[in-house]
Structures are given as C-alpha cells and as structure tokens.
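# Residue-level structural notes
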Amino acid sequence: MSSDCIFCRIIAGEVPSETVYRDDRVTAFRDIRPVAPVHILIVPNKHIASVNEAEEADEAVLGRLLLTAKRLAVQEGIAKSGYRLIINTGPHAGQEVFHLHLHLIGGQRMRHPMG
Ligand code: 5GP
Ligand code: ZN
C-alpha cells in the first residue's frame, strides 16, 4: 500500500470507485474516463508500479490479471464481440498511473490505437 498512489487508495476503499470484481490478488473497477462502453481497470492488490517492476514472485498475480479480464469480458457481454487488453508502461506508452493496471476495453469496434 502506497498512500500517495491513487489505485492503492481505491483498493483500500479510501477513494470511491465502481468496483466490479475483487479477490485475494486483484481488484477491478471502471475507468473514470472511459474510452468505450466497457472500460475496466484490473489491478494487483499489491503495489507494483509497472511491468518494469514486476518480479518472478509476481507470476501468479500477473496471470490472475489476464484470467480476470477473460471472466469480466463474459460478465460484461463482450467476450464474443471482442475486446482489447492494454498495459501502458512508461512515458512513451503514456502511462499516467504508476500502479500496474490492465485496461479491458470493449463494447464498440476499436479504432487504432485505443478505444
Ligand atoms: P494509464 O494511462 O496509466 O494506462 O491509465 C490510467 C487510467 O486510470 C486512465 O484511463 C484514467 O482515466 C484512469 N484513472 C485515473 N485516475 C482514476 C481514478 O481516480 N479512478 C478511476 N476509476 N480511474 C482513474
Ligand atoms: Zn499503488
């Protein structure tokens, strides 16, 4: 938990969010500025700043991020129509929040590169 990290504060319940899923490893909530009808962020409960900081010991949580995306795609009714999964890492990718997160984006045909 990092008190100056917005996603850690969401996970801790200190900042409100529309949470759609939570388990022992990950939390998923709707993006505050959605780029498509479905735009969910899936984050490790543990603070990992970005993929660059992920370690071997994080293998289980990294796998859980993808499997949670699959589950939420079914729940949101976009598994068949399709969706995009994005992890922005570092300045060139435009990463804004330095708590690793997987964007699940769908519900409309995608235009390149996002939404
Ligand atoms: P990044 O560019 O780092 O991959 O994406 C960060 C995402 O977090 C953005 O899509 C932004 O809208 C979202 N975001 C930033 N602050 C908040 C917040 O306080 N609550 C929620 N739900 N989403 C946020
Ligand atoms: Zn954090």
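That block above? That's the structure.
Structure report, in brief. Keep in mind the model is a prediction, meaning the values are calculated, not measured.

What follows deals with the packing of aromatic side chains. Two descriptors summarise a pair of aromatic rings, namely the distance from one centre to the other and the angle between the planes of the rings. Across all of its chains, the model carries 1 aromatic pair by this definition. Considering the side-chain rings of Phe 7 and Phe 29, the 5.2 Å spacing of their centres and the 75° angle between planes classify their relative orientation as edge-to-face. Note that Phe 7 is positioned in helix 1 (residues 6–11) and Phe 29 in strand 2 (residues 26–30), a separation of 22 residues in sequence. Each member of the pair Phe 7 and Phe 29 is classed as buried.

By secondary structure assignment, the location of His 101 is in the loop between strand 4 (83–86) and strand 5 (102–106). There is a polar contact of 2.7 Å between the side chain of His 101 and the backbone oxygen of His 99. In contact with His 101, other than residues within four places in its own chain, are Phe 7, Leu 41, Ile 42, Val 43, Ile 86 and Ile 87.

Rules used throughout
- Residue positions are counted from 1 within each chain, in the order its sequence is given.
- The lettering of chains begins at A and the numbering of ligands begins at 1, in the order of writing.
- For a predicted model such as this one, the threshold for reporting local features is a pLDDT of at least 70, and the threshold for listing and counting side-chain atom pairs is 80 or more; totals across whole chains, interfaces and linings nevertheless cover every residue.
- Side-chain measures here rest on the full set of heavy atoms in the structure, leaving out hydrogens and waters.
- Here a pair means two rings of Phe, Tyr or Trp (six-membered ring of Trp) with centres within 6.5 Å. Their orientation is stacked below 30 degrees between planes, edge-to-face above 60, and tilted elsewhere.
- Here a strand is any run of E in DSSP of at least two residues, a helix any run of H or I of at least four, and the numbering for each starts at the N terminus.
- Type-normalised accessible area, obtained with a 1.4 Å probe on protein chains alone, sets the label of each residue: buried when under 20%, exposed when over 50%, and partly exposed for intermediate values.
- N or O atoms within 3.5 Å of each other form a polar contact, as long as, within protein, one can give a hydrogen and the other can take it, and as long as residues adjacent in sequence are counted only when both atoms are side-chain atoms.
- Only heavy atoms matter for contacts: two residues are in contact if any of them lie within 4.5 Å across the pair.

Keep in mind these numbers describe shape, not what the thing actually does.
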